[in-house]
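# Survey of secondary and tertiary structure
The primary structure of each chain is shown beneath.
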Amino acid sequence: MSRISALQAVAFSLAFAAAPALNAQGLVTTHKLSAQLANQLVGDSVANCAKNGSKVVAVVVDLDGVRQALLRGDGAPIHSMDNAYYKAYTIASLGLARKEETTKAIADRMAKAAPTTVPQTPLPNVTYAQGAVAITAGGQTIGGLGVSGAPGGNFDEECARGALEKIKDRMK
């Protein structure tokens, strides 16, 4: 093989070897709720809890932890503003890796974990309190819905699940 042909062969091989790396630097497609569905989720969550006498805050976040919708129900405690966000953020971020559907599932896992595997310093915006549900579409988590203010995280979660049930057929 001539020297030029050998160099061309090497260059050709390198070009094909680099092709997957170039594709990996392209666009990434993500999904998130429309503003209409996000607003319906927080509204329905707050309304569900109000029917049971609870004054709550509901927050929807996307996978970047950005608030898409937030509603503070009449009379909901001020600390619930942050807590609902922390719950939504936690399920959208920590739940994603292990396909956990609720902050309760995360808390249950953490309670069983060896102390050396549990973070020793608080993670920003993370709580292990019950009351958030993963928002999924096509089997993939696309965000989180957090509710806070009811007299127990199980009631917060129940209000969130009821709201998600109402829109599940529209998340396609």
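Throughout what follows, the structure given in this document is the object of discussion. This one's a predicted model, so the numbers in the text were calculated from it and none came from an experiment.

## Description of the overall build of the protein
Looking only at helices and strands, one finds five helices and four strands in the protein. The order of α-helices and β-strands along the protein, N terminus first, is α-α-β-β-α-α-β-β-α. Taken over 172 residues, the protein has a buried fraction of 36%. Counting contacts in the protein only where the partners sit at least 6 residues apart, residues at least 24 apart contribute 65% of the total. When the accessible area of the protein is evaluated, it comes to approximately 10,200 Å², of which 57% is carbon and sulfur surface.

## Digging into unusual backbone geometry
Of note, the phi angle at K99 is positive, near 55°, even though the residue is not glycine. Take K99: it is sitting in the loop between α3 (79-98) and α4 (103-112). Here K99 falls in the exposed class, since its relative accessible area comes to 55%. If you check the backbone angles, N125 has positive phi at about 65° while not being a glycine. Residue placement: N125 occurs in the loop between α4 and β3 (132-137). The exposure class of N125 is partly exposed, given its relative accessible area of 31%.

## Looking at the nonpolar core
Core analysis: the largest hydrophobic core is formed by 23 residues, its most contacted members being L33, L41, V60, I135, L145 and L164. The dominant element in this core, judged by the number of residues it contributes, is helix α2 (residues 35-51), at six residues. Excluding anything up to four places from it in sequence, L164 contacts L41, V133, A134, I135 and L145. By size, the runner-up hydrophobic cluster in this structure holds eight residues, among which are V57, V61, A84 and A92.

## Description of α3
Taking 1.5 Å per residue, 20 residues should reach 28 Å; α3 reaches 28 Å between its end C-alpha atoms and fits that length. Every buried residue belonging to α3 is among S80, A84, Y85, K87, A88, T90, I91, A92 and G95, and all of these are buried. Against the buried residues of α3 lie β1 (57-62), β2 (67-72), α4, β3, β4 (140-148) and α5 (153-167). One or two steps after α3, the chain reaches K99, where phi turns positive at roughly 55°.

## Quick notes on the environment of V133
By the element assignment, V133 lies in strand β3. A relative accessible area of 6% places V133 in the buried class. With residues near it in sequence (within four places) discarded, V133 still touches I91, E101, T102, G144, L145, E157, A160, R161 and L164.

## Some details on the pattern of salt bridges
Think of it this way: side chains of opposite charge can pair up when their charged atoms draw near. Applying the stated criterion across every chain, the model contains seven salt bridges. Between K166 and D44 there is a salt bridge whose closest N-O contact spans 4.0 Å. You can see K166 sitting in helix α5 and its partner D44 sitting in helix α2, a full 122 residues away along the chain. Given the relative accessible area of 48%, K166 is considered partly exposed.

## Re the side chain of D44
The exposure class assigned to D44 is buried, which follows from its relative accessible area of 14%. When near neighbours in sequence (up to four residues on either side) are disregarded, D44 contacts A163 and K166.

## Observations regarding the pairing of β2
Two elements, β1 and β2, share five bridges in a ladder whose sense is antiparallel. Paired with V57 across the strands is R72, a residue of β2. The turn joining β1 and β2, which pair antiparallel and follow one another in sequence, is formed by four residues; a positive phi near 80° is taken by G65.

Calculation rules
Residues numbered from 1 in each chain as written. Predicted model: local features only at pLDDT ≥ 70, side-chain atom pairs only at ≥ 80, totals over all residues. Heavy atoms only, no water. Helix = DSSP H or I, 4+ residues; strand = E, 2+ residues; numbered from the N terminus. Buried < 20%, exposed > 50% of the residue type's maximum accessible area, 1.4 Å probe, protein only. Contact = heavy atoms within 4.5 Å. Areas by Shrake-Rupley, 256 points an atom, 1.4 Å probe, with all protein chains shown as cover. Core = buried A, V, L, I, M, F, W, Y, C linked by side-chain atoms within 4.5 Å. Expected span 1.5 Å × (residues − 1). Salt bridge = Lys/Arg side-chain N within 4 Å of Asp/Glu carboxyl O. Pairing = 2+ DSSP bridges.

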